[in-house]
Amino acid sequence: MEWEVVIGLEIHAQLATKSKIFSGASTAYGAPANTQACVVDLGLPGVLPVLNHEAVQMAIKFGLATNSEVAQRSIFARKNYFYPDLPKGYQISQMELPIVGEGSLEIRLEDGSTKNIGITRAHLEEDAGKSLHGDFQGMTGIDLNRAGTPLLEIVSEPDMRSAKEAIAYMKKIHSIVTYIDICDGNMQEGSFRCDANVSVRPKGQAEFGTRAELKNLNSFRFVERAINLEVERQIDVIEGGGEVVQETRLYDADKHETRAMRSKEEANDYRYFPDPDLLPVEIDNETIYAVRASLPELPDAKQQRFISEYGLSEYDAEVLTSTRPMADYYETVVKESGGEAKLSANWVTGDLAGTLNKESIEIENSPVAAGMLGGMIKRIADNTISGKIAKQVFEAMWQGEGDADAVIERKGLKQVTDTGAIEKLVDDIIANNPVQVEQYRAGKDKVFGFFVGQVMKVSQGKANPAQVNQILKDKLKP
Amino acid sequence: MHNKTLSELSTALKAGEFSSTELTRHYLDRIADLDPQINAFVTVTEQPAMAAAASADERIAAGTATPLTGIPLAQKDIFCTEGVKTSCGSKMLDNFISPYNATVIEHFNAAGAVMLGKTNMDEFAMGSSNETSFYGSVKNPWDINKVPGGSSGGSAAAVAARLAPASSGTDTGGSIRQPASLCGITGLKPTYGRVSRYGMIAFASSLDQAGPMTRSAEDAALMLNCMAGFDERDSTSAQRDVPDYTANLSGSLEGLKIGLPKEYFGEGLDAQVSSAVEAAIREYENLGAVVKEISLPNTHLAVPTYYVVAPAECSSNLSRFDGVRFGYRCENPADLEDLYKRSRGEGFGAEVKRRIMIGAYALSAGYYDAYYLKAQQLRRLISDDFKRAFEEVDVIMGPTAPGPAFGLGEKADDPITMYLSDIYTIAANLAGLPGISVPAGFVNDMPVGLQIIGNYFDESRLLNVAHRYQQVTDWHTRAPEQFK
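Residues numbered from 1 in each chain as written. Chains lettered and ligands numbered in written order. Predicted model: local features only at pLDDT ≥ 70, side-chain atom pairs only at ≥ 80, totals over all residues.

**Digging into the overall build of chain A**
Secondary structure summary: chain A contains 15 helices and 15 strands in total. Against the globule reference of 23 Å for 478 residues, chain A gives a C-alpha radius of gyration of 30 Å, more extended than a compact globule. Each of the three principal axes of chain A carries a C-alpha extent, and together these read 95 × 55 × 55 Å. In chain A, which comprises 478 residues, the proportion classed as buried is 41%. Taking as baseline every contact in chain A between residues at least 6 positions apart, the subset at least 24 positions apart corresponds to 68%. (Helix = DSSP H or I, 4+ residues; strand = E, 2+ residues; numbered from the N terminus. Rg over C-alpha atoms; globule rule 2.2 N^0.38 Å. Buried ≥ 20, exposed ≤ 12 C-beta atoms within 10 Å, placed from the backbone. Contact = placed C-beta atoms within 7 Å.)

Structure below.
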């Protein structure tokens, strides 16, 4: 039987506020345990939450950036359950009236086609703390530094039909939240993570199959692997005559398996109700206008602009706009190079990206700053150096030997464009290689490459290749 | 000294008749001598009290005193007090030393008031008789075989017995007004949001409101001046200026329109309490007020609505008492579930557990609409009754409680009868309105109160109306014989 895969994602984006969503404690990552938890985060008797309006602004930004509905009135609700790293015994979240309602997002698939994925809602909530199962003499340690960190939970429609589509959607959300600066997107630190609802159904069937929720997918690769694994498992279960049960499953990257965490029957009754400690969030049109005005250019718009303004291919434009630092870097390079858009694109997506990738360095931390690369490209464009010499210059800049002009100067890499000087080199080569001259003049064109090679060798690669060609042709004429 | 009102003490301190140190010492001695009879205090903070009194004396000498500087006060043990046990009347918090001060406590400290100690209360403010306290019942100073009312029973009894000139209380369904009525003192529940809830251990967040418990309306005005105000740490506190509540105490009541809801004078009301309230109304007519019968047709829904809303909120508010970070933890828990079950099972008393169970049920899947949502709708109807009433009248009057103080143990095993002792006070909490109880006579030698309910943020008028009555009556000046 042919099966169709149905996937919906719940993405948790940690909002990049300085302080927590309901307290003044810092949200900075990596502090010693429980040093960033104030009385509110500890859930001490008598404390009350106060909403951080920066988190609201960020949620509005997300809503506007994804063409989603921004609710004029939304409310916080309590999700009640007991867990040691949940200090109050409830999580403040949103249930009935989330801050962001329906929207949709276009994703591009590998074959170049596009598809719209529906966004059901996005709501604000607080993160829980962490349970530490390290060495505590048979006990569990609790670190509440993360408790109260603001999250935006972005829920999609079950619109994705393969792990690849899920990844494309997740990357698109990742790109948007980092573009609009509401999330640092760091998946290792858990700032951007996702749960996937996965089910399968016979192709053509209208009803959805029973779904399993996969938890704890903290890299794009894990999402893809876990979904594919789960799809295989479900198909095996059904084809083996069994039934998929609704349950939550945990993906174990080390063992490369998903395993059941809890079934629907064991699921908590969260007893949601509006949090009486917090007022409804009212958002007026003026706020929405102001936030809209503050939005930066979004990935899709930037991609279109790169195509029209810089004459880039759709592919190059997509690569160069995949992250905001990459796009910003590219635009600086173009500017500093004196408008060499295509050449800049080749260098940024080619040598630069390759080297960064090899060294695992983010573009914003590149040892070769955008201005330096632009300066070098300018020297290619004005024939100071050839493209080949440029690779040497780039390598030297990467090693911290200064900017392009300094490297060219110190290493004497300046291209020789003096016709007289090149003519002299050519004359010497012709005089010293009479056999090859004979062969060429007898019609053996292939020998021409030998002369070019000799001239470049003698000039240490610095002779202008176009001039060398022309002069050689003239002088070798019978 | 202890027969003076707060306002008289304030004047005397400033005039140098005695020092705050002497006054505080006097009250601490009275507490040591007399509190064993009534059990009003959970904790007496003698040493910090004397230190605070000494600095108050310096402040008085420096001429920077406020009306509360040097005044000894008793604080309900529901307010977090830094470095002092804050038990909320529960075994669960018997070991809890708060690391921070409630906003109300900060206000009193800034004014230079002196905290004598923390008063006994029903466990987590759940009760109408003070019998649910882990620290044992408080006794009514007018008859130690009777209850003081609750949940602010310790605060009410301490003031009635002259162990403190004034105290703080909190009122979720009548917990200031009902014990004030049963102990013969003045108790004001302000408009919801008038006083910050920060640091006040939550029972039912949408109903809880702190207020003063005093010997007179004038004292209540002085206390409210200090307690009220916007607090950025409490999102539900009102962003509204605090007027000087003493400014209009003596204003004329000529033409004041008083509404008497017929539903407050029907079945279930003690006939003698009814007579006392009617006599008080006649005093108001003598002062020039106009009386009008009104109707609050949804009054009968107030108690059932309250007993869905309050338990629902409490079931969630009390989830943080889990034995993990503070408070009671059971011995040798076998695992996490055992830790939760036994810490909560052993740490909470029966009434608290009853309400957590009711509340969890009302919020559970499949019952939410029928209970919690329905209760919210009824709450709106009850508020609308008042809205309509205040289009016609300035204040609403009636009994505070259906009867005088009842015997200790009399209703302890009958929660429904106990719940009905708040039948006249609960509606004001559901609507968020201010209400005050003032002493209005005695029934079988036990005090009874007149309740006055006002419109939103109309505390000035309530205090004015109460004060004028107290100028022509002396019920509020009476003291129980053993505590004179």
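**Brief notes about the sheet that holds strand 9 (residues 150–156) of chain A**
Residue and element names in this part refer to chain A. Taken in spatial order, the 8 strands make up an open sheet running 5-6-9-1-10-11-12-13, and their pairing is mixed. Lying at the two open borders of the sheet, with one neighbouring strand each, are strand 5 (103–108) and strand 13 (257–263). If you compare each strand with its neighbour and ignore which way they point, the axes differ by 30 degrees on average. In this structure, strand 1 (residues 3–14) lies alongside strand 9, joined through 5 bridges in antiparallel fashion. Bridging from a neighbouring strand, His12 pairs with Glu153 of strand 9. (Pairing = 2+ DSSP bridges. Axes fitted to C-alpha atoms, helices over the stretch in contact; angles between N-to-C directions.)

**Quick word on the pairing of strand 12 (residues 247–252) of chain A**
Residues and elements named next belong to chain A. Of the pairings in the sheet, the one linking strand 11 (residues 212–217) to strand 12 comprises 4 bridges and is parallel in character. Within strand 12, the residue paired with Leu214 across the bridge is Arg249. For the crossover that starts at strand 11, traverses helix 3 (residues 220–239) and ends in the parallel strand 12, the hand is left-handed. Note that strand 12 and strand 13 share 6 bridges and pair antiparallel. Paired with Leu250 across the two strands is Arg259, which belongs to strand 13. (Right-handed = clockwise from strand over helix to strand, strands pointing away.)

**Quick word on helix 1 (residues 6–15) of chain B**
Residue and element names in this part refer to chain B. Looking at helix 1, one finds that the buried residues are Leu6, Ser7, Leu9, Ser10 and Leu13. Down the axis of helix 1, the buried side of the element spans an arc of 160 degrees, and every buried residue falls inside it. For helix 1, the elements touching its buried residues are helix 2 (20–38), helix 3 (46–62), strand 4 (166–171), strand 6 (209–214) and helix 7 (217–227). Where helix 1 ends, the next residue or the one after it, Gly16, has phi of about 80 degrees, a positive value. (Arc of directions from axis to C-beta.)

**Regarding the domain arrangement of chain B**
Residue and element names in this part refer to chain B. Looking at the assigned domains, one finds that chain B contains domain 1 (6–256 + 393–483) and domain 2 (300–376). Just the C-alpha atoms count here: the centres of domain 1 and domain 2 sit 27 Å apart. Between domain 1 and domain 2, the residue contacts involve 28 residues of the former and 22 residues of the latter. For the side of domain 1 that touches domain 2, the elements supplying multiple residues, two or more each, are helix 13 (415–419) and helix 14 (426–431). The element best represented in the side of domain 1 that touches domain 2 is helix 14, accounting for 3 residues. Across the side of domain 1 that touches domain 2, the residue classes tally to 17 nonpolar, 8 polar and 3 charged. (Domains from an automatic or database assignment. Nonpolar A, V, L, I, M, F, W, Y, C, P; charged D, E, K, R; others polar.)

**Structural notes on the interface of chain B and chain A**
On the chain A side, the residues contacting the 35 residues of chain B number 24 residues. Residue assignment for the side of chain B that touches chain A shows that the elements contributing at least two residues are helix 9 (302–317), helix 10 (336–347) and helix 11 (350–363) of chain B. If one sorts the elements of the side of chain B that touches chain A by residue count, helix 9 of chain B sits on top with 3 residues. By residue class, the composition of the side of chain B that touches chain A is 19 nonpolar, 8 polar and 8 charged.

**Looking at the pairing of strand 3 (residues 77–80) of chain A**
Residues and elements named next belong to chain A. Of the two faces of strand 3, the one carrying Ala77 and Lys79 and the one carrying Arg78 and Asn80 are both buried. Bridge count for strand 3 against strand 4 (residues 90–93) is 4 bridges, and the pairing is antiparallel. What sits directly across from Lys79, in strand 4, is Gln91.

**Focus on the nonpolar core**
All names here are of chain A. Residues Ala59 and Ala196 are the most contacted members of the largest nonpolar core, which totals 217 residues. Of all the elements, helix 2 (residues 163–179) adds the most residues to this core, at 9 residues. Ignoring anything within four residues of it in the chain, the contact list for Ala59 reads Ile99, Val100, Ala122, Leu124 and Leu152. In terms of nonpolar packing, the next biggest core, distinct from the first, is built from 33 residues, Val319, Leu320, Trp347 and Met397 among them. (Core = buried A, V, L, I, M, F, W, Y, C linked by C-beta atoms within 7 Å.)

**Here's the deal with the sheet that holds strand 3 of chain A**
The sheet built from 3 strands is open, its strands ordered 4-3-14 (chain A) with antiparallel pairing. Looking along the sheet, the strands with just one partner apiece sit at the ends: strand 4 and strand 14 (273–274) of chain A.

**Details of the packing of helix 7 (residues 324–336) of chain A against helix 9 (residues 370–381) of chain A**
Residue and element names in this part refer to chain A. Across the interface, helix 7 lies against helix 9 with an axial gap of 7 Å and an inter-helix angle of 40 degrees. One way to sum up the angle between helix 7 and helix 9 is to call them oblique. The two elements helix 7 and helix 9 cross, and the hand of that crossing is right-handed. Residue-level inspection shows Tyr329, Thr332, Val333, Lys335 and Glu336 of helix 7 in contact with helix 9, the latter providing Ala370, Gly371, Leu373, Gly374, Gly375, Ile377 and Lys378. For the contact of helix 7 with helix 9, a count of residues per class yields 5 nonpolar, 4 polar and 3 charged. (Parallel < 35°, antiparallel > 145°, perpendicular 65-115°, else oblique. Left-handed = near helix turned anticlockwise from the far one by under 90°.)

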